[in-house]
Structure formats: structure tokens, C-alpha cells
Amino acid sequence: MEVSLGVAAYSDCPNNYVCLFEDPSWGGRIVRWYVANTAISDLGIYTFNDRMSSWVNNSPYDARWFYNGSYGGTTRCMNAESGSAASLGGDDNEASSFRIYTDAVACT
Ligand SMILES: [Ca+2]
Ligand SMILES: [Ca+2]
């Protein structure tokens, strides 16, 4: 995984990566991963707890994010090869844990 402290853009999420952005419309800081079966139980270790405001999944794998740490609470799917709306609405700044699955049918 990588953490960027600079201002990111949609183009900073290349093919095969799943990217979480701090700001709406794919801006602010970015954290990104490209390995299947990634599991991050606490986004706080990247100073990213309750900060995600948009995302891009350019990987061939489904992914999920969770309101609580350790994959708890309300969860949202990030389908393979998709992106979030520019604004997450009520889901803004809630993500506390995150995982990438090993196929594109893990969450439907
Ligand atoms: Ca945010
Ligand atoms: Ca949270």
C-alpha cells in the first residue's frame, strides 16, 4: 500500500488499484492498495480513520469498507472496476476499516 500526503486526483488511482480519497471528487490525501485479500482492520494506522469522502476501485476484485474498525458496523460494497459518487452523502467520513476480496463476486 502507499500513502500520499499530497493532493490527489482521480488519475492517481491507476489500473489494478483500490484507492480511498480524503476529499469528495477524488481529492485530498489518498491511500491505495493493489493486492487481493488485503485487510486493513484500522484505517487509523494511516491517519485515515473517518476521513474517506470518495473512492475508486480500478482493481479486478470487489472490496468493502466498514463504518467501524475490525470490519464491523454498516458496510458498503466497492465493486470491481467502479468508482463512488463524487460525494458519499451520509457515508461521508465514516470508513474505519477496509478489505479487498479475491474475486469480483464477493459482494453483490
Ligand atoms: Ca473526508
Ligand atoms: Ca467510523
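As a reminder, the structure under discussion sits directly above these lines.
For clarity, every value in this text was computed on a predicted model and none was experimentally measured.

Student: What am I meant to see in the sheet that holds strand β4 (residues 39-40) here?
Tutor: Two strands in a sheet stick together by hydrogen bonds in their backbones, pointing the same way (parallel) or opposite ways (antiparallel). Strand order in the open sheet made by the four strands is β4-β9-β6-β7, with antiparallel pairing throughout. One side of each edge strand has no neighbouring strand; the edge strands of this open sheet are β4 and β7 (72-78). Strand direction decides the pairing type here: strand β6 (residues 63-68) and strand β9 (residues 97-100), joined by four bridges, are antiparallel. When the bridges of β9 are listed, F66 appears paired with S97.

Student: Would you mind showing me how to read the nonpolar core here?
Tutor: Note that soluble globular proteins tend to have their nonpolar side chains buried in a common cluster. Judged by nonpolar contacts, the single largest core of 26 residues is most densely connected at C19, L20, F21, M52 and W55. Mapped by element, the contributors of at least two residues to this core are β2 (18-23), β3 (27-33), β5 (54-57), β6 and β9. At four residues, β2 tops the list of elements feeding residues into this core. Setting aside residues no more than four positions away along its own chain, W55 makes contact with C19, L20, F21, M78, G83 and S84.

About the thresholds
- Residues numbered from 1 in each chain as written.
- Chains lettered and ligands numbered in written order.
- Predicted model: local features only at pLDDT ≥ 70, side-chain atom pairs only at ≥ 80, totals over all residues.
- Pairing = 2+ DSSP bridges.
- Helix = DSSP H or I, 4+ residues; strand = E, 2+ residues; numbered from the N terminus.
- Core = buried A, V, L, I, M, F, W, Y, C linked by C-beta atoms within 7 Å.
- Buried ≥ 20, exposed ≤ 12 C-beta atoms within 10 Å, placed from the backbone.
- Contact = placed C-beta atoms within 7 Å.

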